[in-house]
Amino acid sequence: MRDISAKILVALDEVLGTPDTSIPLHEPEITEQDKILVAKCLNSGWVSTVGDYVSQFEKLIEQFTGAKHAIAVVNGTAALHIALLLAGVRKGDEVLIPSLTFVATTNAVSYCGAIPHFVDSEMNSLAIDPDKLNSYLENIAEETKGGFRNKKTGRIIRAVIPVHILGQPAEINSLLAISKRYNLKLIEDAAESLGTFVEGKHTGTFGIVGTLSFNGNKIITTGGGGAILVNDSNLEELARHLTTTARIKSGVEFTHDQMGFNYRLPNLNAALGCSQILALEGHLHRKRTLAESYIKAMSAIDGIKMISERSGVKANYWLNGFILDSANLEERNNIIETTNAVGYQTRPAWMPMHFLPMYKDCPRMDLWGAEKIYKSLICLPSSSFLAHLSD
Ligand SMILES: *Cc1c(COP(=O)(O)O)cnc(C)c1O
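Every value quoted in this text rests on a predicted model; they were computed, and no experiment measured them.

Here we take up the overall build of the protein chain. Counting its regular elements, the protein chain contains 12 helices and 18 strands. For 391 residues, the compact-globule estimate of 2.2 N^0.38 gives 21 Å, and the C-alpha radius of gyration of the protein chain, at 21 Å, lies within 12% of that figure. By principal-axis analysis of the C-alpha atoms, the protein chain measures approximately 70 × 60 × 35 Å. Scored against the burial criterion, the 391 residues of the protein chain give a buried share of 57%. For the protein chain, long-range pairs separated by at least 24 residues make up 71% of all intrachain contacts whose partners lie at least 6 apart in sequence.

This is the structure we're talking about:
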């Protein structure tokens, strides 16, 4: 076995113990309290899109994030789709997104008939590189009456979507400044960053709209679910309208005044959410403990660098991971294979979007950073209940 893989195995054993079978990358934690609330919802008969748990869950999200309004929806992808519509993204617009993201961000742009325009990421935050984005826009964007236009394609660049990767925040304040300079709507994909704050402000509340996910692999889960975060009450109203089939009451009848979507979160899922969100502080505490154990155990290994929070940031440590030094890039697959063979489920980063067949011809800048992260990042088992094993 190669030296670096052997050292990583020793560190994983120190943090997680020896696996009986396999330690997954991330597992949800379902408590007795969760089962009680879900059973209560089932017994009430209100399992679908009408019921009290949805508004209760939304209140709890608002309280935790500080967003004025939270609209609960069926998943994080649907939240992104509606977020783009709220931001005014229309057919033929370009939307700047990192190539290094989950495919949902890119798909949501396509659902609007808009064109994903890939921008590069940087190693520190794993998110959009603000300096590189700024000089790129200086080159390719020209101001018109309708907004800044991509000189090469002639299309309006309408919005930018910073994605907070693994629960570490993007350089959101710099990106916000760039978005103002170029008249771009800023939408935050905070699917992975519930519980992550930048200078005390929750991720997903910096731009015009933010989105969360409560998929089974996220920090809390509703089975499937997501939320749209906005501060503007007109946008809140529009989000509720669009996600409930754009339905309006007209006398004794219901009618629909535009093409809407059936995207509201069912009450049954919201019941689980009400219980899960109360456990969030506990998850955050244990994830931080687990991250500290990883950082301690891995710091002595030459050639890798653990991902850790930057100053001014409180990260949720949703997924732990490390970056291989340039000299060790060819070890990536070997490390992933060796650790998985022992029962530690590890995983590389997503394949960058510009490598996918349906997005390979989209406009893009040089994507050196995204490709570098893709070649060098390895994610580690990070379920919050793994933390107790380390003390
Ligand atoms: C999980 C995730 C989503 C989508 O959420 P779903 O609820 O699975 O639709 C979007 N973006 C990122 C970065 C994610 O990790």
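Taken as a whole and assessed by the stated rule, the structure comprises seven aromatic pairs. Ring centres 6.5 Å apart and planes at 40° place the aromatic pair Phe-102 and Trp-350 in the tilted group. Of the two residues, Phe-102 is situated in the loop between β2 (94-98) and α5 (103-111) and Trp-350 in the loop between β17 (347-348) and α12 (368-376); the sequence distance between them amounts to 248 residues. Aromatic pair Phe-355 and Tyr-374: ring centres 6.1 Å apart, planes at 65°, arrangement edge-to-face.

In this section: the sheet that holds β2. The strands making up a sheet are joined through hydrogen bonds of the backbone, oriented either antiparallel or parallel. Here seven strands make up an open sheet; going across it, the order is β1-β11-β10-β7-β6-β2-β3 and the pairing mixed. The open sheet has two edge strands with one neighbour each: β1 (69-73) and β3 (115-119). Going across the sheet, the axis of each strand differs from the next one's by a mean of 25°, ignoring polarity. Inspection of the sheet shows β1 paired to strand β11 (residues 226-230) by five bridges, in the antiparallel sense. Counted as the bridge partner of Ala-70 is Leu-229 from β11. Along the sheet, helix α3 (residues 52-65) makes contact with β1, β10 (209-213) and β11, crossing β1 at roughly 130°. Of the strands in this sheet, β1 and β11 touch helix α8 (residues 233-243), which is tilted by about 10° from β1.

Attention now moves to the site of the ligand. In the region of the ligand, 14 residues are neighbours, and Gly-76, Thr-77, Glu-192, Ser-213 and Lys-218 sit closest. Between the ligand and Ser-213 there is a distance of 2.7 Å, counted from an oxygen atom to a side-chain nitrogen or oxygen. Considering the ligand on its own, with 380 Å² of exposed area, one finds that the protein chains cover 92% of that surface. Breaking the shell around the ligand down by element, the ones donating at least two residues are α4 (76-86) and α5.

It is worth spelling out the domain arrangement of the protein chain at this point. Here the domain parsing of the protein chain yields domain 1 (2-28 + 280-390) and domain 2 (32-278). Computed from C-alpha atoms alone, the centre-to-centre distance between domain 1 and domain 2 is 25 Å. Facing the 44 residues of domain 1 at the interface are 50 residues of domain 2. Buried surface at the junction of domain 1 and domain 2, both sides included, amounts to about 4,000 Å², of which 65% is carbon and sulfur. When residues of domain 1 are sorted by the area they lose upon contact with domain 2, Leu-280, Trp-350 and Met-365 head the list and together hold 21% of the total. Taken together, the links from domain 1 to domain 2 amount to two salt bridges. Contributing elements (two or more residues each) for the side of domain 1 that touches domain 2: α10 (280-298), β15 (313-314), α12 and β18 (377-380). Of the residues forming the side of domain 1 that touches domain 2, the biggest block, seven residues, is contributed by α12. Tallied by class, residues from the side of domain 1 that touches domain 2 come to 27 nonpolar, eight polar and nine charged.

Once that is clear, we can look at helix α11 (residues 332-342). Taken residue by residue, α11 has Arg-332, Asn-334, Ile-335, Ile-336, Thr-338 and Thr-339 as its buried positions. Contact partners of the buried residues in α11: α1 (3-16), β16 (320-324), β17, α12 and β18. Note on α11: the residue one or two positions beyond its end, Gly-343, has a positive phi of about 115°.

Our next topic: the sheet that holds β15. The three strands lie next to each other as β9-β8-β15, forming an open sheet whose pairing is antiparallel. The open sheet has two free edges, formed respectively by β9 (201-202) and β15, since each of these has just one partner strand. By the bridge criterion, two bridges tie strand β8 (residues 197-198) to β9 in an arrangement that is antiparallel. Directly across from Val-198, in β9, lies its bridge partner Lys-201.

Sheet faces and side chains relate simply in a regular strand, where the side chains alternate between the two faces. β10 sits mainly inside the fold: five of its five residues count as buried. Burial along β10 is two-sided: Val-209, Thr-211 and Ser-213 and Gly-210 and Leu-212, pointing in opposite directions, are all buried. One ladder, built from four bridges, connects β10 with β11; its direction is antiparallel. Directly across from Ser-213, in β11, lies its bridge partner Gly-226.

On to the side chain of Asn-267. On the secondary structure map, Asn-267 appears in helix α9 (residues 267-278). Within the structure, the side chain of Asn-267 is placed 2.7 Å from the backbone oxygen of Trp-46, a separation counted as a polar contact. Dropping the residues within four chain positions of it, Asn-267 is found in contact with Cys-41, Trp-46, Val-47, Ser-48, Val-50, Gly-51, Asp-52, Tyr-53 and Val-54.

The rules behind the values
Residues numbered from 1 in each chain as written. Predicted model: local features only at pLDDT ≥ 70, side-chain atom pairs only at ≥ 80, totals over all residues. Heavy atoms only, no water. Helix = DSSP H or I, 4+ residues; strand = E, 2+ residues; numbered from the N terminus. Rg over C-alpha atoms; globule rule 2.2 N^0.38 Å. Buried < 20%, exposed > 50% of the residue type's maximum accessible area, 1.4 Å probe, protein only. Contact = heavy atoms within 4.5 Å. Phe/Tyr/Trp six-rings, centres within 6.5 Å; stacked < 30°, edge-to-face > 60°. Pairing = 2+ DSSP bridges. Axes fitted to C-alpha atoms, helices over the stretch in contact; angles between N-to-C directions. Near = heavy atom within 4 Å. Polar contact = N/O pair within 3.5 Å; in protein donor to acceptor, adjacent residues only side chain to side chain. Areas by Shrake-Rupley, 256 points an atom, 1.4 Å probe, with all protein chains shown as cover. Domains from an automatic or database assignment. Buried area = accessible area lost by both parts, 1.4 Å probe. Salt bridge = Lys/Arg side-chain N within 4 Å of Asp/Glu carboxyl O. Nonpolar A, V, L, I, M, F, W, Y, C, P; charged D, E, K, R; others polar.

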